[in-house]
Amino acid sequence: MEDFFKYLTAGEEDQHWGLYLNVTGAYTSPPNQPYPPIRHPSGYYFNWSSGRVLQEYQINYITKGNGVLETENGEFSLLEGSVFLIKPGVWHRYRPNQALGWQEHYIGFNGEMARKLFQHPIFAGKQSVLHIGVHEEIIDTYYKVFDLVQEEQPGFQQIASGLIVKMLGYLISFEKQKEFTGKRIAGIIEDARFRIRQNVDQELDMTLMAREYNIGYSYFRKMFKNYTGMAPHKYHLELKIMRAKELLLVTDKSVKEISYELGFQTIHYFSRLFKNKVGKSPTEFRR
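Because the structure is a prediction, the values reported are computed rather than measured.

Considerations on the overall build of the protein
- Scanning the protein from terminus to terminus reveals twelve helices and ten strands.
- On C-alpha atoms alone, the protein measures out to a radius of gyration of 25 Å, which is more than a quarter above the 19 Å that the 2.2 N^0.38 rule sets for 287 residues.
- With respect to the principal axes defined by its C-alpha atoms, the protein has extents near 75 × 50 × 30 Å.
- Across the 287 residues in the protein, those meeting the buried criterion constitute 45%.
- The long-range share in the protein, meaning contacts at least 24 apart out of those at least 6 apart in sequence, stands at 70%.
- Within the protein, one finds 35 positive and 32 negative side-chain charges whose respective centroids are separated by 8 Å.

Written out as structure tokens, the structure reads:
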């Protein structure tokens, strides 16, 4: 697309929403040209010798070419398909390879929700670059934001904030997938999830399950947690609680019957676990 940038003004209502857009744009830097260009947005202009510090978050996506990013945490290579994250108050500078140039898409935002989202382990560390490759989902999200800010219809900030959250979700997903793409363990975990769901009412020996897949339990547990966000035993318990909620709401079965149906050894253990997870006893939840 053609070079584009636009500043946004966030009103009080937008700021109270929790995440609001400040600036967005795209720029193609030709080979052997100064960077950033003089027409770079004035509030964001910097030179290589001094760098800059912003008071907002940014997601910058390189879709062609390559270059380098430097922050107070070190130097990072930027390749085609790299996303680099800028955080408030962090000194940084970046530029394309002079002989190649690059194409970049960027979005700057702020807000309490943004601060919370950037506490995720993938974003919170010192690593500022994610090498995710070129993904249509990310490019399409940028273009949808561009369309919104060009029209500035009422409520566009709220829609744009949702697209930013979507983009961050994609980044987390792509990073997690790296650990499993093309590996046997991914198929094992998918099969294990199916078995656990199919046997939600049974007692399952996760150590035995790992042995049946010819892998050690500690490795199985670690990779299952990385894939799903929780260990296999907890995954099983969460499914039991979800099923218990359903039975409490849509059947007339007693708490004792539901407890036994879901494979709990005693009604007391079931009730205690349910209250710990849900915040109410099974009877209170049904009522």
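The structure having been displayed, the exposition proceeds.
Observations concerning the environment of E152
- Note that E152 resides in the loop between helix 4 (136-151) and helix 5 (156-178).
- Each residue touching E152, except ones within four places of it in the same chain, is listed here: K6 and L8.
- Here K6 takes part through its side chain, which lies 2.8 Å from a polar atom of the side chain of E152.

A few points about a nonpolar patch on the surface
- A cluster of nonpolar residues, W17, M113 and V165, forms a patch on the protein surface that exposes about 260 Å² of accessible area.
- Under the relative-accessibility criterion, V165 is labelled partly exposed at 31%.

Brief notes about the pattern of salt bridges
- For the coordinates displayed, the defined rule picks out ten salt bridges.
- Between E70 and R93 there is a salt bridge, with the nearest N and O atoms lying 2.9 Å from each other. One end of the pair, E70, is in strand 5 (residues 67-71); the other, R93, is in strand 8 (residues 91-96), and 23 residues separate them in sequence. The pair formed by E70 and R93 is uniform in burial state, with each residue classed as buried.

Digging into the packing of helix 6 (residues 184-198) against helix 9 (residues 232-250)
- Here helix 6 crosses helix 9 at 35°, and the two axes come no closer than 10 Å. The handedness of the crossing between helix 6 and helix 9 comes out as right-handed. Two secondary-structure elements touch here, helix 6 through R193, I196 and R197 and helix 9 through P232, Y235, H236 and L239.
- Looking at the contact of helix 6 with helix 9 residue by residue, the class counts come to four nonpolar, one polar and two charged.

So, the sheet that holds strand 8
- The strand order across the open sheet formed by four strands is 3-8-5-6, and the pairing between neighbours is antiparallel. Edge positions in the sheet fall to strand 3 (52-53) and strand 6 (74-78), since each of these pairs with one other strand and no more.
- Relative to strand 6, strand 5 runs antiparallel, the two sharing five bridges. Bridging across to strand 6, T71 finds its partner in G74.

Quick notes on the nonpolar core
- Judged by nonpolar contacts, the single largest core of 33 residues is most densely connected at I59, F109 and L171.
- Looking at this core, the elements with two or more residues in it are strand 2 (20-29), strand 4 (57-65), strand 7 (82-86), strand 9 (102-110), helix 4 and helix 5.
- A total of nine residues in this core trace back to one element, the largest contributor, which is helix 5.
- The residues contacting I59, other than those within four sequence positions of it, are V83, F84, L85, H105, Y106, I107, F109, Y142, M167, L168 and L171.

Details of helix 9
- If you check helix 9, its first and last C-alpha atoms are 27 Å apart, about what 19 residues at 1.5 Å a residue would give, namely 27 Å.
- Here helix 9 has its buried residues at P232, Y235, H236, L237, L239, K240, I241, A244, L247 and L248.
- Looking at the buried side of helix 9, the elements it contacts are helix 6, helix 7 (206-212), helix 8 (217-228), helix 10 (255-261), helix 11 (267-278) and helix 12 (282-286).

A closer look at the side chain of T63
- Among the secondary structure elements, T63 is positioned in strand 4.
- Classification of T63 as buried rests on a relative accessible area of 7%.
- Polar contacts involving the side chain of T63 include one to the side chain of Q103, which spans 2.8 Å.
- Once you skip the residues sitting within four places of it in the chain, T63 turns out to touch E80, Q103, H105, V134 and I139.

Digging into unusual backbone geometry
- Here the residue pair Y35 and P36 is connected by a cis peptide bond, since its omega of -5° sits within 30 degrees of zero.
- Within the secondary structure, P36 sits in the loop between strand 2 and strand 3.
- Positive phi, close to 60°, is recorded for N32, a residue that is not glycine.

Focus: the sheet that holds strand 7
- Strand order in the open sheet formed by six strands is 1-2-9-4-7-10, and the pairing between neighbours is antiparallel. At either margin of the open sheet sits one strand with a lone partner, and together these are strand 1 (4-7) and strand 10 (129-131). Neighbour-to-neighbour, the strand axes of this sheet turn through a mean angle of 15°, independent of strand direction.
- In this structure, strand 4 lies alongside strand 7, joined through five bridges in antiparallel fashion. Each bridged residue has a counterpart across the sheet, and for Y61 the counterpart in strand 7 is V83.

The rules behind the values
Throughout this description, residue numbers start from 1 for each chain and increase along the sequence as written. Local features in this predicted model are restricted to residues whose pLDDT is 70 or higher, and side-chain atom pairs enter the listing and the counts only when it is 80 or higher, whereas totals over whole chains, interfaces and linings include all residues. Just so you know, side-chain values use all the structure's heavy atoms and leave hydrogens and water out. Per the convention used, a helix needs a DSSP run of H or I reaching at least four residues, while a strand needs a run of E reaching at least two, with both numbered from the N terminus. Radius of gyration: over C-alpha atoms. The globule rule applied is 2.2 Å multiplied by the number of residues raised to the 0.38 power. Type-normalised accessible area, obtained with a 1.4 Å probe on protein chains alone, sets the label of each residue: buried when under 20%, exposed when over 50%, and partly exposed for intermediate values. Every residue pair with non-hydrogen atoms within 4.5 Å of one another is taken to be in contact. When charges are tallied, Lys and Arg are placed among the positive residues and Asp and Glu among the negative ones, while His and the ends of the chain are skipped. In this description, the location of a charge corresponds to atom NZ of lysine, CZ of arginine, CG of aspartate or CD of glutamate. Here a polar contact is taken to be a pair of N or O atoms separated by no more than 3.5 Å, where protein atoms must pair a possible hydrogen donor with a possible acceptor and residues adjacent in sequence count only if both atoms sit in side chains. What makes a patch is a set of residues exposed beyond 30% relative accessible area and free of salt bridges, joined within 9 Å when like-charged and within 5 Å when nonpolar (Val, Leu, Ile, Met, Phe, Trp, Tyr). Under the convention used here, a 1.4 Å probe and the Shrake-Rupley method define accessible areas, while residue burial counts only the protein chains that appear. Salt bridges, as used here, are contacts in which a Lys or Arg side-chain nitrogen is within 4 Å of a carboxyl oxygen on Asp or Glu. Here an axis means a line fitted to C-alpha atoms, over the contact stretch when the element is a helix, while the angle between two N-to-C directions is reported on a 0 to 180 degree scale. Crossing handedness is read from the near helix: turned anticlockwise from the far helix by less than a right angle, it gives a left-handed crossing, and turned clockwise, a right-handed one. Any residue outside Ala, Val, Leu, Ile, Met, Phe, Trp, Tyr, Cys, Pro, Asp, Glu, Lys and Arg is labelled polar, Gly included; the first ten of those are nonpolar and the last four are charged. Between any two strands, at least two bridges found by DSSP are needed for them to pair. As used here, the term nonpolar core means buried Ala, Val, Leu, Ile, Met, Phe, Trp, Tyr and Cys residues forming a set that is joined through side-chain atoms within 4.5 Å. In this analysis, the expected span of each helix is defined as 1.5 Å times one less than the number of residues it contains.

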